[in-house]
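Observations on the model geometry
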Amino acid sequence: GSRPARTLLYERNEYPSVGFVFPQGVRAETDAGFRNFRQPTDIGKPVYEVPGYSLEQYGFPAVGFMKSVQKRMQQVEETGEQRVVRVYTELCKAARERVEIVRGSLDKQIAIGSRCMDATEYDDQSTPSRDTRLKDSFKELALAFKEATDNRSVSAATRTTVESVLSGAISGEDVHAACPVEIAPGQKLTLGQIYASSLAGKLSNNPHDTLEMRWGLAAAPSAKAKSCPVY
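Notes on the structure in this doc start here. (Residues numbered from 1 in each chain as written. Predicted model: local features only at pLDDT ≥ 70, side-chain atom pairs only at ≥ 80, totals over all residues. Heavy atoms only, no water.)

1. Some points on the side chain of Arg83
For Arg83, the position within the fold is in helix H3 (residues 80-112). A relative accessible area of 12% places Arg83 in the buried class. Apart from the residues lying within four places of it in its own chain, the contact partners of Arg83 are Lys67, Glu78, Glu140, Leu143, Ala144 and Glu147. (Helix = DSSP H or I, 4+ residues; strand = E, 2+ residues; numbered from the N terminus. Buried < 20%, exposed > 50% of the residue type's maximum accessible area, 1.4 Å probe, protein only. Contact = heavy atoms within 4.5 Å.)

2. What to know about the side chain of Glu121
With respect to the element layout, Glu121 can be found in helix H4 (residues 119-125). Taking relative accessible area as the criterion, Glu121 reaches 12% and is therefore assigned buried. When neighbours within four sequence positions are excluded, Glu121 is seen to be in contact with Lys108, Ile112, Arg115 and Cys116.

3. Points about the pattern of salt bridges
Counted by the stated rule, this structure contains ten salt bridges. Asp42 serves as the salt-bridge partner of Lys45, at 3.0 Å between the closest nitrogen and oxygen. Given a relative accessible area of 35%, Lys45 falls into the partly exposed group. You can call Asp42 buried: its relative accessible area is 6%. In this structure, Arg115 and Glu121 form a salt bridge, with 2.9 Å as the shortest nitrogen-oxygen distance. (Salt bridge = Lys/Arg side-chain N within 4 Å of Asp/Glu carboxyl O.)

4. Remarks on the packing of helix H6 (residues 156-166) against helix H8 (residues 191-199)
Two elements in contact, H6 and H8, have axes separated by 7 Å at closest approach and are oriented at 40°. Accordingly, the angle class assigned to the pair H6 and H8 is oblique. Contacts between H6 and H8 involve Ser164, Val165 and Leu166 on the former and, on the latter, Leu191, Gly192 and Tyr195. (Axes fitted to C-alpha atoms, helices over the stretch in contact; angles between N-to-C directions. Parallel < 35°, antiparallel > 145°, perpendicular 65-115°, else oblique.)

5. Examining unusual backbone geometry
For the peptide bond that leads from Ala220 to Pro221, omega is 5°, which places it in the cis range. Within the element layout of this structure, Pro221 appears in the loop between helix H9 (211-214) and helix H10 (223-227). The backbone phi angle of Arg152 is positive, close to 55°, even though this residue is not glycine. For Arg152, the location among the structural elements is in the loop between helix H5 (128-150) and H6.

Rendered as structure tokens:
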């Protein structure tokens, strides 16, 4: 994304990322590739005259759209275990990426003092889209796990890890070892805790809220969030 401007690049290994659509790629060193829709000789032609033209994408059902597109474009079929592990891994990364973004918003609050963030600052530091995607990914994990479990295609180790997340587990050596999320020095949450807060709508995306409110550990909004504009 182009906002906020950061030197850190957040990568995703899920559809529609290039690495996931093209697992082998055309360049082994980057796992990247291209899917050519229009050859140079076809440039300038009306789209309906280009070989292979199709309106197929518009026929996919709205429910399960991404899954339908993935199945249509995939080069190898993803197993139930692979899907569960992929979604879980992305969730772990997404939760840890959110830590840095929330910390940035807290630093911004300190830097500007008592005044409210302007529209650009608010846009840079708030996380509505990220939080929605996180919640959707948790829902996908639950669905993927159910389907893999029904098909008996998930390993015992993966089952234990994912069940701890979906149960909202807050303690246990195995739980913390799986994906501890350190939201502040010495303060860790399990992915299960974040799952529970996310589905309950307790994660605050408002950059004027406190650390605890941003992570669903305290009720939002803060006094400052109430007094400042929401952009």
